[in-house]
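What the coordinates show
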Amino acid sequence: MSSEHRDERRQHGELVADVLAVLWEAGEPMTAQQVNAALDKGLARTTMATILSRLYEKGTLRRIPVTRGFAYEPVQDAAGLAAGRMRRELESDPRRALVLRRFVSSLSESDEETLRELLREAEGGDE
């Protein structure tokens, strides 16, 4: 992959993250025009509509019919989205135990303790 293509993908990924941040911040559905205005990056209307449509098709956004189009809102918050990505990564590798072992071994002590607490809570055993 050329460095130009990687830069283009990185910029697109950053743009998607910015769009999601705007929608999370708003706390209510927004049209492509509203998201575009909030971003203030001078993007074409069609570019923003395409980004929102693709996020809808991926299941990241929900869309609500409005007068002449759609308004969009996130299906879940940032933490839920990250958790979903983590789950999909885990499910994509048949060596689940190895993936989990490597993940846990890379955690900070604080994160490791948080994970232990969450596992105890999930088992119903707050010790």
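Scroll up to find the structure this text is about.
All figures in this text were calculated on a predicted structure; none of them were measured in a lab.

A cluster of nonpolar residues, Met86, Phe103 and Val104, forms a patch on the protein surface that exposes about 250 Å² of accessible area. As for its position among the elements, Val104 is in helix 5 (residues 96-105).

The next subject is the packing of aromatic side chains. Using the criterion set out here, one finds 1 aromatic pair in the structure. One residue, Arg63, lies across the ring of Tyr56, its end atom 4.0 Å from the ring centre. Of note, Arg63 hangs over the ring of Phe70, and the distance from its end group to the ring centre comes to 4.1 Å.

Before going further, it helps to spend a moment on the sheet that holds strand 1 (residues 30-31). Sheet strands pair via backbone hydrogen bonds, and the direction of the pair is either parallel or antiparallel. Read across the open sheet, the 3 strands follow the order 1-3-2; overall the sheet is antiparallel. At either end of the open sheet lies a strand with only one pairing partner, and these are strand 1 and strand 2 (61-66). Strand direction decides the pairing type here: strand 2 and strand 3 (residues 69-74), joined by 6 bridges, are antiparallel. Bridge pairing in strand 3 links Arg63 to Tyr72. Its contacts with the sheet put helix 3 (residues 45-57) on strand 1, strand 2 and strand 3, and the angle it makes with strand 2 is roughly 120°.

Cut-offs used in this document
Residues numbered from 1 in each chain as written. Predicted model: local features only at pLDDT ≥ 70, side-chain atom pairs only at ≥ 80, totals over all residues. Heavy atoms only, no water. Patch = residues over 30% accessible without salt bridge, like charges linked within 9 Å, V, L, I, M, F, W, Y side chains within 5 Å. Areas by Shrake-Rupley, 256 points an atom, 1.4 Å probe, with all protein chains shown as cover. Salt bridge = Lys/Arg side-chain N within 4 Å of Asp/Glu carboxyl O. Helix = DSSP H or I, 4+ residues; strand = E, 2+ residues; numbered from the N terminus. Phe/Tyr/Trp six-rings, centres within 6.5 Å; stacked < 30°, edge-to-face > 60°. Lys NZ or Arg CZ within 6 Å of the ring centre and 35° of its normal. Pairing = 2+ DSSP bridges. Contact = heavy atoms within 4.5 Å. Axes fitted to C-alpha atoms, helices over the stretch in contact; angles between N-to-C directions.

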